[in-house]
Amino acid sequence: MCSQKRRRQDTDPQALVEDLASRHGEPRGLALDGTVAPGVNGIDCTALLDLLEGRAETVVAWAHGGEWLGAGTALDAQGDIVPVLAVTPRRIDALSSRTAGQDGDWVERLIAVTGWTLPPQRPDIDWAVTEARMGSRPPRDYKRMVETFGEGAFDAYLHLNQEPWADFQKDGLLVWAGTEHENLYCWQTDDEDPDRWPVTIRTLDGDDVTFDCSTAEFVCRILVEKEHPFTMAHYFDTHWFMTYCTNT
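Sequence order as written defines the numbering, with residues in each chain counted from 1. Residue-level local features of this predicted model are given only where pLDDT is at least 70; pairs of side-chain atoms are given and counted only at 80 or more, and the full residue set underlies all totals for whole chains, interfaces and linings. Note that the side-chain values use all heavy atoms of the structure and ignore hydrogens as well as water.

1. Some thoughts on the sheet that holds strand β12 (residues 241-243)
- Judged by pairing direction, the sheet is antiparallel, and its seven strands sit side by side in the order β11-β10-β9-β8-β7-β6-β12 without closing on themselves. Both edges of this open sheet fall to β11 (208-211) and β12, since each of them pairs with a single strand only. The average undirected angle you get between the axes of adjacent strands in this sheet is 30°.
- Contacts from helix α4 (residues 127-134) reach β7 (158-165) and β8 (173-179) within the one sheet, and its direction differs from that of β7 by about 70°. A pair of strands counts as paired when DSSP detects no fewer than two bridges linking them. A helix here means a DSSP run of H or I that spans at least four residues, while a strand means a run of E at least two residues long, and both kinds are numbered starting from the N terminus. Angles shown run from 0 to 180 degrees and are taken between the N-to-C directions of axes, each axis being a line fitted to C-alpha atoms and, for helices, limited to the stretch in contact. Note on contacts: a residue pair qualifies if any of its non-hydrogen atoms lie within 4.5 Å across the two residues.

Printed below as a string of C-alpha coordinates:
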(Lines give C-alpha, C1' and ligand atoms only; values in the text may rest on other atoms or scores of the structure.)
Protein backbone atom coordinates (compact mmCIF):
# COMPACT_ATOMS: atom_id res chain seq x y z
CA MET A 1 0.00 0.00 0.00
CA CYS A 2 1.06 3.61 -0.38
CA SER A 3 3.00 5.06 2.48
CA GLN A 4 1.52 7.75 4.65
CA LYS A 5 1.87 11.11 2.91
CA ARG A 6 4.22 13.56 4.57
CA ARG A 7 4.40 17.29 4.22
CA ARG A 8 6.07 18.14 0.94
CA GLN A 9 8.93 20.04 2.60
CA ASP A 10 9.79 16.96 4.73
CA THR A 11 10.70 14.66 1.82
CA ASP A 12 12.81 15.33 -1.26
CA PRO A 13 11.57 12.86 -3.95
CA GLN A 14 14.91 12.86 -5.79
CA ALA A 15 16.80 12.18 -2.56
CA LEU A 16 14.41 9.33 -1.80
CA VAL A 17 14.98 7.80 -5.25
CA GLU A 18 18.74 8.20 -4.93
CA ASP A 19 18.74 6.55 -1.51
CA LEU A 20 16.74 3.57 -2.77
CA ALA A 21 18.95 3.33 -5.87
CA SER A 22 22.04 3.12 -3.65
CA ARG A 23 20.45 0.11 -1.93
CA HIS A 24 18.58 -1.63 -4.75
CA GLY A 25 20.41 -0.70 -7.95
CA GLU A 26 19.17 1.04 -11.07
CA PRO A 27 15.36 1.44 -11.13
CA ARG A 28 13.05 0.98 -14.08
CA GLY A 29 10.92 3.94 -15.07
CA LEU A 30 7.15 3.56 -14.75
CA ALA A 31 5.88 7.08 -15.32
CA LEU A 32 7.38 10.38 -16.42
CA ASP A 33 5.59 13.72 -16.17
CA GLY A 34 2.23 12.02 -15.76
CA THR A 35 2.66 9.63 -18.71
CA VAL A 36 3.18 5.87 -18.40
CA ALA A 37 6.61 4.95 -19.78
CA PRO A 38 6.69 3.11 -23.14
CA GLY A 39 6.75 -0.68 -22.82
CA VAL A 40 5.60 -0.67 -19.20
CA ASN A 41 2.05 -1.94 -19.73
CA GLY A 42 1.71 -5.63 -18.93
CA ILE A 43 4.75 -5.75 -16.64
CA ASP A 44 4.17 -6.99 -13.10
CA CYS A 45 5.35 -3.76 -11.47
CA THR A 46 2.52 -1.74 -13.06
CA ALA A 47 0.52 -2.75 -9.97
CA LEU A 48 2.38 0.14 -8.34
CA LEU A 49 0.69 2.52 -10.77
CA ASP A 50 -2.67 0.94 -9.97
CA LEU A 51 -2.13 1.88 -6.33
CA LEU A 52 -1.79 5.51 -7.36
CA GLU A 53 -5.09 5.40 -9.30
CA GLY A 54 -3.86 7.36 -12.32
CA ARG A 55 -2.24 10.08 -10.23
CA ALA A 56 1.40 9.10 -10.85
CA GLU A 57 3.64 11.90 -12.06
CA THR A 58 7.20 10.55 -12.10
CA VAL A 59 7.61 7.08 -10.58
CA VAL A 60 10.38 4.46 -10.75
CA ALA A 61 10.48 0.91 -9.37
CA TRP A 62 12.84 -1.75 -8.04
CA ALA A 63 12.39 -5.50 -7.57
CA HIS A 64 13.45 -6.87 -4.21
CA GLY A 65 12.56 -10.40 -3.16
CA GLY A 66 8.81 -10.80 -3.31
CA GLU A 67 8.06 -7.09 -3.60
CA TRP A 68 8.11 -4.18 -5.99
CA LEU A 69 9.23 -0.89 -4.44
CA GLY A 70 8.08 2.32 -6.10
CA ALA A 71 9.11 5.91 -5.39
CA GLY A 72 8.69 9.32 -6.95
CA THR A 73 5.86 11.83 -7.14
CA ALA A 74 2.09 11.81 -7.64
CA LEU A 75 -0.86 14.17 -7.44
CA ASP A 76 -2.72 14.35 -4.16
CA ALA A 77 -6.45 14.96 -3.74
CA GLN A 78 -5.92 18.71 -4.12
CA GLY A 79 -3.91 18.31 -7.34
CA ASP A 80 -0.57 19.11 -5.70
CA ILE A 81 2.52 17.09 -6.58
CA VAL A 82 3.73 15.19 -3.51
CA PRO A 83 6.38 12.51 -2.78
CA VAL A 84 5.15 8.89 -2.77
CA LEU A 85 6.56 5.55 -1.68
CA ALA A 86 4.62 2.39 -2.58
CA VAL A 87 5.06 -1.37 -2.16
CA THR A 88 3.21 -4.17 -3.95
CA PRO A 89 3.80 -7.96 -4.18
CA ARG A 90 5.66 -9.54 -7.09
CA ARG A 91 4.20 -12.56 -8.82
CA ILE A 92 6.16 -15.79 -8.36
CA ASP A 93 6.87 -17.44 -11.70
CA ALA A 94 5.72 -21.07 -11.79
CA LEU A 95 8.99 -22.07 -13.46
CA SER A 96 10.87 -21.33 -10.25
CA SER A 97 9.41 -24.48 -8.68
CA ARG A 98 10.00 -26.70 -11.73
CA THR A 99 13.69 -26.23 -12.40
CA ALA A 100 15.18 -29.42 -10.96
CA GLY A 101 15.59 -32.39 -13.25
CA GLN A 102 14.76 -30.55 -16.48
CA ASP A 103 16.78 -30.03 -19.62
CA GLY A 104 16.43 -27.08 -21.95
CA ASP A 105 17.60 -23.51 -22.33
CA TRP A 106 18.90 -22.57 -18.90
CA VAL A 107 19.37 -18.91 -19.79
CA GLU A 108 15.71 -18.64 -20.77
CA ARG A 109 14.79 -20.40 -17.53
CA LEU A 110 16.95 -17.95 -15.59
CA ILE A 111 15.13 -15.07 -17.27
CA ALA A 112 11.82 -16.59 -16.19
CA VAL A 113 12.94 -17.36 -12.63
CA THR A 114 14.13 -13.78 -12.09
CA GLY A 115 11.11 -12.19 -13.79
CA TRP A 116 13.48 -10.31 -16.12
CA THR A 117 11.55 -8.05 -18.51
CA LEU A 118 14.13 -5.46 -19.55
CA PRO A 119 15.79 -5.56 -22.99
CA PRO A 120 19.31 -7.01 -23.24
CA GLN A 121 21.69 -4.76 -21.32
CA ARG A 122 24.88 -5.45 -23.32
CA PRO A 123 23.79 -6.85 -26.69
CA ASP A 124 26.75 -5.36 -28.60
CA ILE A 125 29.58 -6.44 -26.31
CA ASP A 126 32.80 -7.14 -28.26
CA TRP A 127 33.63 -10.66 -27.17
CA ALA A 128 36.55 -10.86 -29.60
CA VAL A 129 38.47 -8.38 -27.44
CA THR A 130 37.66 -10.31 -24.26
CA GLU A 131 38.61 -13.62 -25.82
CA ALA A 132 41.90 -12.20 -27.07
CA ARG A 133 42.78 -11.19 -23.51
CA MET A 134 41.67 -14.58 -22.13
CA GLY A 135 43.31 -16.67 -24.82
CA SER A 136 40.05 -18.65 -25.14
CA ARG A 137 36.33 -18.01 -25.35
CA PRO A 138 33.98 -18.14 -22.34
CA PRO A 139 31.07 -20.61 -22.34
CA ARG A 140 28.21 -19.53 -24.60
CA ASP A 141 25.61 -19.43 -21.85
CA TYR A 142 27.80 -17.12 -19.75
CA LYS A 143 28.13 -14.77 -22.73
CA ARG A 144 24.35 -14.74 -23.11
CA MET A 145 23.95 -14.00 -19.40
CA VAL A 146 26.25 -10.97 -19.63
CA GLU A 147 24.56 -9.76 -22.82
CA THR A 148 21.11 -10.16 -21.24
CA PHE A 149 21.58 -8.96 -17.66
CA GLY A 150 24.66 -6.75 -17.83
CA GLU A 151 26.37 -5.57 -14.68
CA GLY A 152 24.65 -6.51 -11.44
CA ALA A 153 23.84 -9.36 -9.06
CA PHE A 154 21.30 -12.16 -8.77
CA ASP A 155 19.25 -11.61 -5.61
CA ALA A 156 21.64 -8.73 -4.85
CA TYR A 157 24.10 -11.46 -3.79
CA LEU A 158 25.73 -13.28 -6.71
CA HIS A 159 27.74 -10.66 -8.61
CA LEU A 160 28.11 -11.45 -12.32
CA ASN A 161 31.55 -10.57 -13.68
CA GLN A 162 31.41 -8.81 -17.03
CA GLU A 163 34.68 -10.46 -17.98
CA PRO A 164 36.21 -13.58 -16.41
CA TRP A 165 39.04 -13.01 -13.96
CA ALA A 166 42.28 -14.93 -14.43
CA ASP A 167 43.42 -14.67 -10.78
CA PHE A 168 43.62 -18.48 -10.39
CA GLN A 169 44.56 -19.43 -13.93
CA LYS A 170 47.59 -21.30 -12.59
CA ASP A 171 45.06 -23.64 -10.92
CA GLY A 172 43.10 -24.01 -14.16
CA LEU A 173 40.31 -21.72 -12.91
CA LEU A 174 38.63 -18.66 -14.42
CA VAL A 175 36.36 -16.62 -12.13
CA TRP A 176 32.97 -15.62 -13.57
CA ALA A 177 31.16 -14.44 -10.41
CA GLY A 178 31.52 -13.84 -6.68
CA THR A 179 29.31 -13.53 -3.62
CA GLU A 180 28.88 -11.43 -0.50
CA HIS A 181 30.36 -14.39 1.42
CA GLU A 182 33.56 -14.06 -0.65
CA ASN A 183 33.10 -17.37 -2.44
CA LEU A 184 34.40 -17.23 -6.03
CA TYR A 185 32.42 -18.94 -8.79
CA CYS A 186 34.80 -20.31 -11.40
CA TRP A 187 35.13 -22.71 -14.32
CA GLN A 188 37.57 -25.59 -14.34
CA THR A 189 39.13 -25.06 -17.78
CA ASP A 190 40.71 -28.46 -18.49
CA ASP A 191 38.35 -29.33 -21.38
CA GLU A 192 39.10 -27.96 -24.86
CA ASP A 193 35.40 -27.09 -25.27
CA PRO A 194 34.46 -24.18 -22.95
CA ASP A 195 30.80 -25.21 -23.08
CA ARG A 196 31.80 -28.34 -21.14
CA TRP A 197 33.71 -26.50 -18.43
CA PRO A 198 32.27 -27.48 -15.02
CA VAL A 199 31.52 -24.88 -12.37
CA THR A 200 33.99 -24.87 -9.47
CA ILE A 201 33.51 -22.86 -6.28
CA ARG A 202 36.67 -21.52 -4.64
CA THR A 203 35.48 -20.94 -1.07
CA LEU A 204 36.73 -18.32 1.37
CA ASP A 205 38.66 -21.15 3.09
CA GLY A 206 40.44 -22.01 -0.17
CA ASP A 207 38.54 -25.24 -0.85
CA ASP A 208 37.38 -26.13 -4.37
CA VAL A 209 33.92 -27.66 -4.88
CA THR A 210 33.05 -28.75 -8.43
CA PHE A 211 29.61 -29.18 -10.07
CA ASP A 212 29.21 -30.85 -13.44
CA CYS A 213 26.78 -28.35 -14.96
CA SER A 214 26.71 -25.22 -17.09
CA THR A 215 26.95 -21.69 -15.76
CA ALA A 216 23.28 -20.75 -16.22
CA GLU A 217 22.09 -24.10 -14.88
CA PHE A 218 24.18 -23.64 -11.75
CA VAL A 219 22.70 -20.17 -11.09
CA CYS A 220 19.15 -21.45 -11.64
CA ARG A 221 19.69 -24.30 -9.22
CA ILE A 222 21.19 -22.26 -6.41
CA LEU A 223 18.33 -19.77 -6.74
CA VAL A 224 15.53 -22.31 -6.36
CA GLU A 225 16.84 -25.57 -4.87
CA LYS A 226 16.88 -25.40 -1.09
CA GLU A 227 18.90 -28.60 -0.79
CA HIS A 228 21.78 -27.30 -2.96
CA PRO A 229 24.97 -26.86 -0.89
CA PHE A 230 25.33 -23.26 -2.12
CA THR A 231 21.62 -22.46 -2.16
CA MET A 232 20.23 -18.94 -2.08
CA ALA A 233 16.68 -20.29 -1.88
CA HIS A 234 16.56 -20.05 1.92
CA TYR A 235 16.56 -16.26 1.71
CA PHE A 236 13.96 -15.51 -0.97
CA ASP A 237 11.08 -17.35 -2.61
CA THR A 238 10.97 -14.87 -5.49
CA HIS A 239 14.18 -13.98 -7.31
CA TRP A 240 15.49 -11.01 -9.27
CA PHE A 241 18.55 -9.50 -10.89
CA MET A 242 19.67 -6.22 -9.34
CA THR A 243 21.09 -3.97 -12.06
CA TYR A 244 23.84 -1.82 -10.60
CA CYS A 245 22.94 1.85 -10.56
CA THR A 246 24.45 3.83 -13.43
CA ASN A 247 22.25 6.93 -13.27
CA THR A 248 20.55 8.58 -10.29
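2. Some words on the packing of aromatic side chains
- Stacked, tilted and edge-to-face are the three classes assigned to paired rings of Phe, Tyr and Trp, where Trp is represented by its six-membered ring and a pair needs centres within 6.5 Å; plane angles under 30 degrees give stacked, over 60 edge-to-face, the rest tilted. As enumerated under the stated definition, the model contains 15 aromatic pairs in all.
- An angle of 70° between the planes, with centres 4.7 Å apart, marks the rings of Phe 154 and Phe 241 as edge-to-face. Within this pair, whereas Phe 154 is found in strand β6 (residues 152-154), its partner Phe 241 is found in strand β12, the two being separated by 87 residues in sequence. Of the two residues examined, Phe 154 and Phe 241, each falls in the buried class.
- For the ring pair Trp 187 and Trp 197, a centre distance of 5.8 Å and an interplane angle of 45° mean the geometry is tilted. Here Trp 197 lies in the loop between β9 (184-188) and β10 (199-202) and Trp 187 lies in strand β9, a separation of 10 residues in the sequence.
- Only when the NZ atom of a Lys or the CZ atom of an Arg is both within 6 Å of the ring centre and within 35 degrees of the ring normal do we say a charge sits over the ring. A cation over a ring is seen here: Arg 202 above Phe 168, with NZ or CZ 4.7 Å from the ring centre. We call a residue buried when its accessible area falls under 20% of the maximum for its residue type, exposed when it is over 50%, and partly exposed in between, using a 1.4 Å probe and counting protein chains only.

3. Re helix α3 (residues 106-114)
- Within α3, eight of the nine residues are buried, which leaves the element mostly enclosed by the surrounding structure.
- Of all the positions in α3, only Trp 106, Val 107, Arg 109, Leu 110, Ile 111, Ala 112, Val 113 and Thr 114 are classed as buried.
- Buried residues along α3 sit against α5 (140-149), β6, α6 (215-224) and β12.
- Polar contact criterion, stated in full: a pair of N or O atoms within 3.5 Å, where within protein one must be able to donate a hydrogen and the other to accept it, and residues adjacent in sequence count only if both atoms are side-chain atoms. N-cap assignment for α3: the residue whose side-chain oxygen lies 3.1 Å from the backbone N of Val 107 is Asp 105.
- Immediately downstream of α3, the backbone of Gly 115 shows phi near 65°, a positive value.

4. Examining the pattern of salt bridges
- Salt-bridge detection follows one rule: a side-chain nitrogen of Lys or Arg within 4 Å of a carboxyl oxygen of Asp or Glu. Counted by the stated rule, this structure contains 15 salt bridges.
- With its nearest N and O atoms 2.8 Å apart, the salt bridge here joins Glu 163 to Arg 133. One end of the pair, Glu 163, is in strand β7; the other, Arg 133, is in helix α4, and 30 residues separate them in sequence.
- Given a relative accessible area of 26%, Glu 163 falls into the partly exposed group.
- The partner of Arg 221 in a salt bridge is Glu 225, with the nearest N and O atoms 2.4 Å apart. Here the two residues Arg 221 and Glu 225 agree in accessibility, since each one is buried.

5. Description of the packing of α3 against α5
- Contact geometry for α3 and α5: axes closest at 10 Å, N-to-C directions at 35°. Crossing of α3 over α5 shows right-handed handedness. Contacts from Val 107, Glu 108, Leu 110, Ile 111 and Thr 114 of α3 reach α5 at Asp 141, Arg 144, Met 145, Thr 148 and Phe 149.
- Of the residues that constitute the contact of α3 with α5, the class distribution is five nonpolar, two polar and three charged. For any pair of crossing helices, the crossing counts as left-handed if the nearer helix is rotated counterclockwise from the farther one by less than a right angle, and right-handed if it is rotated clockwise. Residues are grouped as follows: Ala, Val, Leu, Ile, Met, Phe, Trp, Tyr, Cys and Pro are nonpolar; Asp, Glu, Lys and Arg are charged; all remaining types, including Gly, are polar.

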